[in-house]
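Residue strings, one per chain:
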Amino acid sequence: MKADSGYFVSEDLAVGYRSLPLIREISLQVKRGEILTLIGPNGSGKSTILKTITRQLAAVSGAAYLGGEDLWRMPPKTLAQRQSVVLTERVRPELMTCWELVATARYPYTGRFGRLEVRDQAAVEAALRRVQGLELAERLVAELSDGQFQRVMLARAICQEPEMIVLDEPTSFLDIRHKLEILGILQKMAREEGVAVVMSLHEVDLAAKVSDRVVCVKGETIAACGPPEKIFSNQVIAKLYGIEAGQYDCRLGTVELAKPAGAPMALVVGGNGTGIPFYRALQRLGLPFAAGILWKNDIEAPVAEALAAQVFWAEAFLPPELEVHMSALNFLEKCALVADSGCPKVGLNEANAQLLWQAREKGVAVARSVEELAGLLGR
């Protein structure tokens, strides 16, 4: 192992159960101050990897090092002072308060009798405050919701004052506010305190935003590993998760369901993101539609591409070509409904003003809101 390769390093690690390898050739590294995130489908082995590097499971083969020392030979107390763990098991000490549960993280630092000193008590309070859990301190663990319990378990891991923290799906069971808060806490610990963070996440969009390195887990080996800007492409994510019905777009970090089948029956005149609610409403209603005229650099272009049966495209920063404009006008001949998203029809977008004027001249129904759109469709 190279001394400067990382705080945690695994070399040709194989993990599995009953000495049968599930995933081989796992060579990972994470430095202090970095966040490494495992992503992949359910059952791919993310939790097995995390349980192995935290010694919850024995490795099938290979080596791992923590701070330059052999992970498998490290004394339990030394390991507990360097590495804290938050796994997904929901085993709860029913009769303990949250304060008492978090305080168990101080035992690697206490004497033989486990007596908490003033410093230890301060660490417990600080950890609870960090996850905004001070109000839970005197609550019994049995009374907590799943989200509250997750926050308390993170406080316990923080209270351990680790050099490395390992978390299995730390944002599970949390609402969006607490997802962002917990990931923010982990990012701050990494950046300001030099903690190495290794975790698994189901939220691919959040993994792209918070991670320094991403590991794609699928099959018998690691499918890909690298910085998020190299890992996150529509093709890689679709292959990793086997996405066939629908689409994940890495540019916006959004998931879209499959587009309605069939020839387009409606036209959405959007732009600047205003068309997105109409695209998704028509998808929910199962009505195939066309979109445009839309510029390829528009913020809503990825959603239109994912959901529209046809898009009348214009090149970025250029007026639409005459052929594109005429195709959109001709589409109005067979169009049953037009949605006007309200995007300003000025500059290059004057072409869409002409489309809407032509639709009214031809007597095509024009909806100016999603509610009006649904009403015109009798839904």
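This section reports on the structure supplied with the text. (Residues numbered from 1 in each chain as written. Predicted model: local features only at pLDDT ≥ 70, side-chain atom pairs only at ≥ 80, totals over all residues. Heavy atoms only, no water.)

1. Some remarks on the overall build of the protein chain
Here is the rule: Segments assigned H or I by DSSP are reported as helices when at least four residues long, segments assigned E as strands when at least two residues long, and all are numbered from the N terminus. Atoms considered for the radius of gyration are the C-alpha atoms alone. The globule rule reads 2.2 Å times the number of residues to the power 0.38. With a 1.4 Å probe rolled over the protein chains alone, any residue whose accessible area is under 20% of its type maximum counts as buried; one over 50% counts as exposed, and the rest are partly exposed. Any two residues whose heavy atoms approach within 4.5 Å at even a single point are treated as in contact. Computed with the Shrake-Rupley method and a 1.4 Å probe, the accessible areas treat only the protein chains shown as cover for residues. In this tally, Asp and Glu contribute negative charge and Lys and Arg positive charge; neither His nor the terminal groups of the chain are included. Note on charges: their place is set at NZ of Lys, CZ of Arg, CG of Asp or CD of Glu.
Scanning the protein chain for helices and strands turns up 14 helices and 18 strands. Relative to its length of 379 residues, the protein chain is extended, with a C-alpha radius of gyration of 27 Å against a globular reference of 21 Å. With the C-alpha coordinates of the protein chain rotated into their principal frame, the extents come out at 85 × 45 × 35 Å. Counting all 379 residues of the protein chain, 50% fall into the buried class. Restricting the contact set of the protein chain to residue pairs at least 6 apart, pairs at least 24 apart contribute 64%. Of the roughly 18000 Å² of accessible surface on the protein chain, 52% is carried by carbon and sulfur atoms. Of the charged side chains in the protein chain, 42 are positive and 45 negative; the average position of the first set lies 4 Å away from that of the second.

2. Things to note about helix α1 (residues 46-53)
For α1, a buried count of 7 out of 8 residues is recorded, marking the element as mostly surrounded by other parts of the structure. Residues of α1 that are buried include every one of K46, T48, I49, L50, K51, T52 and I53, and no others.

3. So, the packing of aromatic side chains
The relation between two aromatic rings is expressed through the spacing of the ring centres and the mutual angle of the planes. The condition that has to hold: Two aromatic rings, drawn from Phe, Tyr or Trp (for Trp, its six-membered ring), form a pair once their centres lie within 6.5 Å of each other, and the interplanar angle then sorts them: stacked below 30 degrees, edge-to-face above 60, tilted otherwise.
As enumerated under the stated definition, the model contains 2 aromatic pairs in all. A ring pair is formed by Y279 and F289, whose centres lie 5.6 Å apart and whose planes are at 5°; its orientation type is stacked. Of this pair, Y279 sits in helix α10 (residues 276-285) while F289 sits in strand β15 (residues 289-295); the two residues are 10 residues apart in sequence, bridging distant segments of the chain. The residues Y279 and F289 share a single accessibility class, namely buried.

4. Some words on the packing of helix α12 (residues 322-331) against helix α13 (residues 350-361)
Rules: To get an axis, fit a line to the C-alpha atoms, keeping to the stretch in contact for a helix; angles then go from 0 to 180 degrees between the N-to-C directions. Angle categories are assigned with fixed cut-offs, so that under 35 degrees is roughly parallel, over 145 is roughly antiparallel, 65 to 115 is roughly perpendicular, and the rest are oblique. Handedness of a crossing is defined here by the sense of rotation of the near helix relative to the far one, left-handed for an anticlockwise turn of less than a right angle and right-handed for a clockwise turn. As a working rule, the residues Ala, Val, Leu, Ile, Met, Phe, Trp, Tyr, Cys and Pro are called nonpolar, Asp, Glu, Lys and Arg charged, and the rest polar, with Gly in that last group.
Running from amino to carboxyl end, α12 crosses α13 at an angle of 20°, the nearest separation of the two axes being 10 Å. By the criterion of interaxial angle, the relationship of α12 to α13 is roughly parallel. With respect to the hand of their crossing, α12 and α13 are arranged in right-handed fashion. Taken together, the residues of α13 that come into contact with α12 (itself represented by H325, A328 and L329) are A351, Q354, L355 and Q358. Of the residues in the contact of α12 with α13, the class split is 4 nonpolar, 3 polar and no charged.

5. A closer look at the sheet that holds strand β9 (residues 196-200)
We count it as follows: For two strands to count as paired, DSSP must find a minimum of two bridges between them.
If you trace the 6 strands from one edge of the open sheet to the other, you get β7-β8-β9-β4-β10-β11, paired in mixed fashion. The sheet terminates laterally at β7 (83-86) and β11 (221-226), the two strands that pair on one side only. The mean angle between the axes of side-by-side strands here comes to 15°, regardless of whether they run parallel or antiparallel. Pairing analysis gives 5 bridges linking strand β10 (residues 213-218) to β11, with the strands arranged antiparallel. Residue pairing across strands places V217 opposite I222, the latter belonging to β11. Along the sheet, helix α9 (residues 234-241) makes contact with β4 (35-39) and β10, crossing β10 at roughly 35°.

6. Regarding the pairing of strand β17 (residues 337-340)
The side chains of a regular strand alternate, residue by residue, between the two faces of the sheet. We count it as follows: Here the term right-handed applies to a crossover when the path leading from its first strand over the helix to its second strand runs clockwise, the strands being oriented away from the viewer.
Along β17, one buried face is formed by L337 and A339 and the opposite face, lined by V338 and D340, is buried too. Pairing of strand β14 (residues 266-269) with β17, which is carried by 4 bridges, proceeds in the parallel orientation. Its bridge partner being in β17, L267 is matched across the sheet by V338. As defined by bridge partners, β17 adjoins strand β18 (residues 365-367) across 3 bridges and the pair is classed as parallel. Within β18, the residue paired with A339 across the bridge is A367. A crossover links β17 with its parallel partner β18, the connecting element being α13, and its sense is right-handed.

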